[in-house]
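Descriptive structure summary
So you can see what is in the structure, the chains are spelled out below.
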Amino acid sequence: DQQVKQNSPSLSVQEGRISILNCDYTNSMFDYFLWYKKYPAEGPTFLISISSIKDKNEDGRFTVFLNKSAKHLSLHIVPSQPGDSAVYFCAASDSPGSSNTGKLIFGQGTTLQVKP
Amino acid sequence: EAQVTQNPRYLITVTGKKLTVTCSQNMNHEYMSWYRQDPGLGLRQIYYSMNVEVTDKGDVPEGYKVSRKEKRNFPLILESPSPNQTSLYFCASSRAGLYGELFFGEGSRLTVL
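In this section: the pairing of strand E4 (residues 31–38) of chain B. On a regular strand, one side chain projects to one face of the sheet and the next to the other, so that they alternate. Residues and elements named next belong to chain B. Taking burial as the measure, the eight residues of E4 include eight buried ones, the bulk of the element. Alignment of E4 against strand E9 (residues 87–94), held across seven bridges, turns out to be antiparallel. Bridged to Ser-33 within E9 is Ala-92. With seven bridges connecting them, E4 and strand E5 (residues 42–51) associate as antiparallel partners. Bridging across to E5, Tyr-35 finds its partner in Gln-45.

Below, the discussion takes up the side chain of A:Ser49. Here A:Ser49 shows up in strand E5 (residues 45–51). By relative accessible area, A:Ser49 is classed as buried at 11%. At a separation of 3.1 Å, a polar atom in the side chain of A:Ser49 contacts the side chain of A:Tyr32. Apart from the residues lying within four places of it in its own chain, the contact partners of A:Ser49 are A:Tyr32, A:Phe33, A:Leu34, A:Asn57, A:Val64 and B:Glu101.

Attention now moves to the sheet that holds strand E7 (residues 62–67) of chain A. In space, the five strands of this open sheet follow the order E1-E3-E8-E7-E6 (chain A), with antiparallel pairing throughout. Two strands close off the open sheet at either side, each with one partner strand: strand E1 (4–5) and strand E6 (56–59) of chain A.

Bringing the nonpolar core into the picture now. Ranked by size, the top nonpolar core spans 24 residues in total, and within it A:Val4, A:Phe33, A:Trp35, A:Leu73, A:Leu75 and A:Tyr88 carry the most contacts. Mapped onto this core, the elements with two or more residues apiece are strand E3 (19–25), strand E4 (32–38), E5, E7, strand E8 (72–77), strand E9 (86–93) and strand E11 (110–115) of chain A. Of all the elements, E9(A) adds the most residues to this core, at four residues. Apart from the residues within four sequence positions on either side, A:Leu73 is in contact with A:Leu21, A:Asn22, A:Cys23, A:Tyr25, A:Phe33, A:Trp35, A:Val64, A:Phe65 and A:Leu66. In terms of nonpolar packing, the next biggest core, distinct from the first, is built from 19 residues, B:Trp34, B:Tyr47, B:Tyr89 and B:Val112 among them.

Along the chain, B:Gln45 turns up in strand E5. Among the polar contacts listed, one links the side chain of B:Gln45 to the backbone nitrogen of A:Leu104, at a separation of 3.3 Å. A distance of 3.4 Å separates the side chain of B:Gln45 from the side chain of B:Tyr35, its partner in a polar contact.

A word on the interface of chain A and chain B. Taken together, the contact pairs 24 residues of chain A with 23 residues of chain B. Buried area between chain A and chain B, summed over both chains or domains, comes out near 1800 Å², and the portion from carbon and sulfur atoms is 54%. At the junction of chain A with chain B, the criterion picks out zero salt bridges. Counting every contact that joins chain A to chain B gives three residue pairs in polar contact (both at pLDDT 80 or more). With four residues, the top contributor of residues to the side of chain A that touches chain B is E4(A). Among the residues making up the side of chain A that touches chain B, the classes are represented as ten nonpolar, ten polar and four charged.

Here we come to the packing of aromatic side chains. The final tally for this structure, using the stated rule, is twelve aromatic pairs over all chains. Taking the centre distance of 5.6 Å and the plane angle of 55° together, the rings of A:Tyr36 and A:Phe106 count as tilted. Here A:Tyr36 is found in strand E4, whereas its partner A:Phe106 is found in strand E10 (residues 105–106), with 70 residues between them in sequence. Accessibility classification places A:Tyr36 together with A:Phe106 in one group, the buried group. Through a chain of ring-to-ring contacts, the aromatic side chains of A:Tyr36, A:Phe46, A:Phe89, A:Phe106, B:Tyr35, B:Phe90 and B:Phe104 assemble into a single cluster.

Let us now look at unusual backbone geometry. Trans is the common state for peptide bonds, and a negative phi is the common state for residues other than glycine. Looking along the chain, the bond that leaves A:Val78 and enters A:Pro79 is cis, with omega of -15°. You can see A:Pro79 is positioned in the loop between E8 and E9. A positive phi is found at A:Ala41, a non-glycine position, where the angle reads about 65°. Secondary-structure assignment places A:Ala41 in the loop between E4 and E5. Positive phi, close to 65°, is recorded for B:Glu53, a residue that is not glycine.

How each quantity is defined
Residues numbered from 1 in each chain as written. Chains lettered and ligands numbered in written order. Predicted model: local features only at pLDDT ≥ 70, side-chain atom pairs only at ≥ 80, totals over all residues. Heavy atoms only, no water. Buried < 20%, exposed > 50% of the residue type's maximum accessible area, 1.4 Å probe, protein only. Helix = DSSP H or I, 4+ residues; strand = E, 2+ residues; numbered from the N terminus. Pairing = 2+ DSSP bridges. Polar contact = N/O pair within 3.5 Å; in protein donor to acceptor, adjacent residues only side chain to side chain. Contact = heavy atoms within 4.5 Å. Core = buried A, V, L, I, M, F, W, Y, C linked by side-chain atoms within 4.5 Å. Buried area = accessible area lost by both parts, 1.4 Å probe. Salt bridge = Lys/Arg side-chain N within 4 Å of Asp/Glu carboxyl O. Nonpolar A, V, L, I, M, F, W, Y, C, P; charged D, E, K, R; others polar. Phe/Tyr/Trp six-rings, centres within 6.5 Å; stacked < 30°, edge-to-face > 60°.

Interpretation in functional terms is not warranted from these geometric data alone.
See below:
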């Protein structure tokens, strides 16, 4: 059972426009969410994260929104650039109380293509 | 340069022939983890280690072993590889308490015939 789902395998946007990547999760115990970017032949790189105590986190052109009631998060990239073309993975973890379980669950990934 | 190094990067082997994929990090990170990436399934966690001599199963540990005798190294062992272990493998590390913000290696593409 896929606890973290990215239902759109691919997304194509024009340079300068907004890219919105979506992610849904089923486990209400998840309290920390992350986005990773992956270029071909490279390992994923950390992009941005959000804790469940927040509903928005911003870092430059990248903003992550969290809707806990809907168990949904999204990554907005504004403005999109051709160099943003990559596979984007969302990930989630639960850390009950003060313990740190170390388990991180990834979605299937969405391939973003930004056209010049 | 801060990095996670995996070896080999590419390997073709046959069913049943034991192999080890090494992983080393130079950032003094406490946390290390192994993932496999398969089409349509994303990244799935195999094993992780919160610190030296502390390891635990991820979501898909069957057929794999790990050890963490030193902080910097976290090898992945396939005692008897099978074709369903053909995959792209990633090792990752992070500081304690920030285990989600991982530094990944470049990946090891393994083919089991």
